[in-house]
Every structure is written in structure tokens, then in C-alpha cells.
Amino acid sequence: MASDRGVLGVQAAGGGGGSGKFKRVLLRNLILGLRKGGVASREMGFHERKDAIKRAADAALASTRGAAPCWSRSLEAELAQQLHYSPGPTNSSGECCKAPPPPTRKMIVCKKIVRRSLRRPRPGNATASSKAYGAGEAGVLAMRAILRKRTAVLKEIVPGGKALDGCTLLGETLDYAVSLKAQVDVMQLLVRALQERKHNSTGLEKQ
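About the cut-offs
- Residues numbered from 1 in each chain as written.
- Predicted model: local features only at pLDDT ≥ 70, side-chain atom pairs only at ≥ 80, totals over all residues.
- Heavy atoms only, no water.
- Helix = DSSP H or I, 4+ residues; strand = E, 2+ residues; numbered from the N terminus.
- Buried < 20%, exposed > 50% of the residue type's maximum accessible area, 1.4 Å probe, protein only.
- Contact = heavy atoms within 4.5 Å.
- Areas by Shrake-Rupley, 256 points an atom, 1.4 Å probe, with all protein chains shown as cover.
- Axes fitted to C-alpha atoms, helices over the stretch in contact; angles between N-to-C directions.
- Parallel < 35°, antiparallel > 145°, perpendicular 65-115°, else oblique.
- Left-handed = near helix turned anticlockwise from the far one by under 90°.
- Nonpolar A, V, L, I, M, F, W, Y, C, P; charged D, E, K, R; others polar.
- Expected span 1.5 Å × (residues − 1).
- Polar contact = N/O pair within 3.5 Å; in protein donor to acceptor, adjacent residues only side chain to side chain.
- Phe/Tyr/Trp six-rings, centres within 6.5 Å; stacked < 30°, edge-to-face > 60°.
- pLDDT = per-residue confidence, 0-100.
- Salt bridge = Lys/Arg side-chain N within 4 Å of Asp/Glu carboxyl O.
- Core = buried A, V, L, I, M, F, W, Y, C linked by side-chain atoms within 4.5 Å.

- Per an unreviewed UniProt entry, the recorded name for the protein is IBH1-like N-terminal domain-containing protein, and the organism is Zizania palustris.

1. Points about the overall build of the protein
Next, step 1: For the protein, the count of helices and strands is eight helices and zero strands.
Next, step 2: The helix and strand sequence of the protein, counted from the amino end, reads α-α-α-α-α-α-α-α.
Next, step 3: Split into buried and exposed, the 207 residues of the protein put 29% on the buried side.
Next, step 4: Here the analysis covers contacts within the protein between residues at least 6 apart in sequence; of these, 56% occur between residues at least 24 apart.
Next, step 5: Within the structure as shown, the protein displays about 13700 Å² of accessible surface, and the carbon and sulfur contribution to it stands at 57%.

2. A word on the packing of helix 2 (residues 20–37) against helix 3 (residues 46–65)
Next, step 1: Packing of helix 2 against helix 3 brings their axes to within 8 Å, and their N-to-C directions diverge by 140°. Judged on the interaxial angle alone, helix 3 and helix 2 are oblique. Viewed along their axes, helix 2 and helix 3 form a crossing whose handedness is right-handed. Taking contact as the criterion, the partners of Phe 22, Val 25, Leu 26, Asn 29, Leu 30, Gly 33 and Leu 34 in helix 2 are, on helix 3, Ile 53, Ala 56, Ala 57, Ala 60, Leu 61, Ser 63, Thr 64 and Arg 65.
Next, step 2: Considered class by class, the residues forming the contact of helix 2 with helix 3 number 10 nonpolar, four polar and one charged.

3. Some remarks on helix 3
Next, step 1: For helix 3, built from 20 residues, the straight-helix expectation of 28 Å at 1.5 Å per residue is met to within 8% by its first-to-last C-alpha distance of 29 Å.
Next, step 2: Buried within helix 3 are the following residues: Ala 52, Ala 56, Ala 57, Asp 58, Ala 60, Leu 61, Ala 62 and Thr 64.
Next, step 3: Backbone geometry just after helix 3 places Gly 66 at a positive phi near 90°.

4. Digging into the side chain of Asp 58
Next, step 1: Mapping Asp 58 onto the fold places it in helix 3.
Next, step 2: Take Asp 58: its relative accessible area is 14%, and that puts it in the buried class.
Next, step 3: Residues within four places of Asp 58 in sequence aside, it is in contact with Leu 75, Leu 79 and Gln 183.

5. Here we look at the environment of Ser 41
Next, step 1: As for its placement among the helices and strands, Ser 41 is situated in the loop between helix 2 and helix 3.
Next, step 2: When its relative accessible area of 31% is taken as the criterion, Ser 41 is described as partly exposed.
Next, step 3: Here Glu 43 takes part through its backbone nitrogen, which lies 3.2 Å from a polar atom of the side chain of Ser 41.

6. Section: the packing of aromatic side chains
Aromatic rings in a pair are described by how distant their centres are and how their planes are angled relative to each other.
Next, step 1: Scanning all chains against the criterion turns up one aromatic pair.
Next, step 2: Between Trp 71 and Tyr 176, the aromatic rings sit 5.0 Å apart at their centres with planes inclined by 55°, giving tilted as the arrangement. With Trp 71 in helix 4 (residues 70–83) and Tyr 176 in helix 8 (residues 166–206), this pair connects stretches of sequence that are 105 residues apart.
Next, step 3: Accessibility expressed as a relative area gives 13% for Tyr 176, which makes it buried.

7. What about the confidence of the model for the protein?
Predicted coordinates in regions of low pLDDT should not be interpreted in detail.
Next, step 1: For the protein, the average pLDDT comes to 75, and 62% of its residues sit at 70 or higher.
Next, step 2: For residues 1–17, every residue scores under 50 in pLDDT, and the model assigns this stretch 35 contacts once sequence neighbours within four places are set aside.
Next, step 3: Low pLDDT, under 50, characterises residues 85–95; the predicted model gives this stretch 13 contacts beyond four residues in sequence or across chains.

8. A look at the pattern of salt bridges
Opposite charge on two side chains permits them to pair, given that their charged atoms come into close proximity.
Next, step 1: One pass over the structure, following the stated rule, counts five salt bridges.
Next, step 2: Across the salt bridge formed by Asp 58 and Lys 54, the nearest N and O atoms sit 2.9 Å from each other. Residue Asp 58 and its partner Lys 54 are located together in helix 3, separated by four residues, close to a single helical turn.
Next, step 3: Because the salt bridges share partners, they merge into one network encompassing Lys 23, Lys 181 and Asp 185.

9. Observations regarding the nonpolar core
Next, step 1: In terms of nonpolar packing, the biggest core is built from 26 residues, with Leu 26, Leu 27, Leu 30, Leu 34, Trp 71 and Leu 190 touching the most fellow members.
Next, step 2: Of all elements in the fold, only helix 2, helix 3, helix 4 and helix 8 reach the threshold of two or more residues within this core.

Structure (C-alpha cells):
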């Protein structure tokens, strides 16, 4: 596996969304996790190596992001059940996020937007969305059904999402998506660095 210094050197020249500092720490944690998981062992089978890489990537992402968001604490709790290591702070029932954080101005505004979107439209004041799904009560019911369906999907995707209210879930989804984008960028960077190292070593052998 490439050295930390070599891979981090490629990181300095790489792009992608998210903080460069966050990606550097994530990359370092990922390399340490892969080494600890022994993914380079020739005795490890394909599926075993695949699972080990996924656990290392998830553990690196959760530890790098810290305990601020609910999803990272929930992800640590899930990993703790698999690997039996001590997770971040949770409550006695094992649920990390049943109590949402104190409402901020953004959360209050978000809740107002959600309530406004579910409000029954006044006669003669149909919006573009209500026109698309049908006017009157039928349109409102259709939009509510779509909102519930999409919320349920997000609750399944985001770790710990099932215990969150709709507004908090939106913030957690955004934070989780940005962190996943950084994780993908870092893993692609690591693959490129390993491929470049393999290519260089093959060239030296031919010489």
C-alpha cells in the first residue's frame, strides 16, 4: 500500500468538493483502517476483503466527521455492533438521535416551509405544484403522499434517520451527502495512487 506521504501528496493536487483538510484527515484515517483490517492479506477472500474495505471506509468517515451530526454517531453504533468496539456517545437504548438538537433559526424556517407546503391551498390560488398533481383536495393529498414517500426513503438511507423529524432529516441528509462525496473522492484518489504506484513498479521491473 502507498505511503501516507505519497498519497497525501497526490491529495494536494486533487480536486473535488468538500474541505481539503477534511479529506486529508479522512484519507489518513482510511489508510490506517485498511491496514488495521488487513485488507492487503493474500489469505483474505474477495467478499471478506470487500466487507473489510466498507467497514474501514465507514469507520473513517464517522470518526473524521466527529459526533456533531446524528448520522455519524448512528454509523459508529452500527459498526460497534459488527466489530464490538466502543462507539461514540449514545443513550441507554442504543438510539443515538431520539432527542433532536435545540431549534435554530434555520430549523424554524425549515419547519415553516414544510407546514406551508402541506397547507391546503385557497380556492382560486392553485400553485404550479398543485396544478401538476391535480387541483383541490386531491392535489394536496397527492403531494403529501409524495412527501411522505420521499421522507421514508431518506430515513432508510441516512444512518439514524428513522428517529429524526422531517426538518432535522433534511439537514442530516445534506451533511451526509457532502461527507459521502468526500469519501468517494478520497477512495478514488487512493485507487489512482495505488494504480500509479503499481504502474511505476512494473516499469522498473521491465527495465
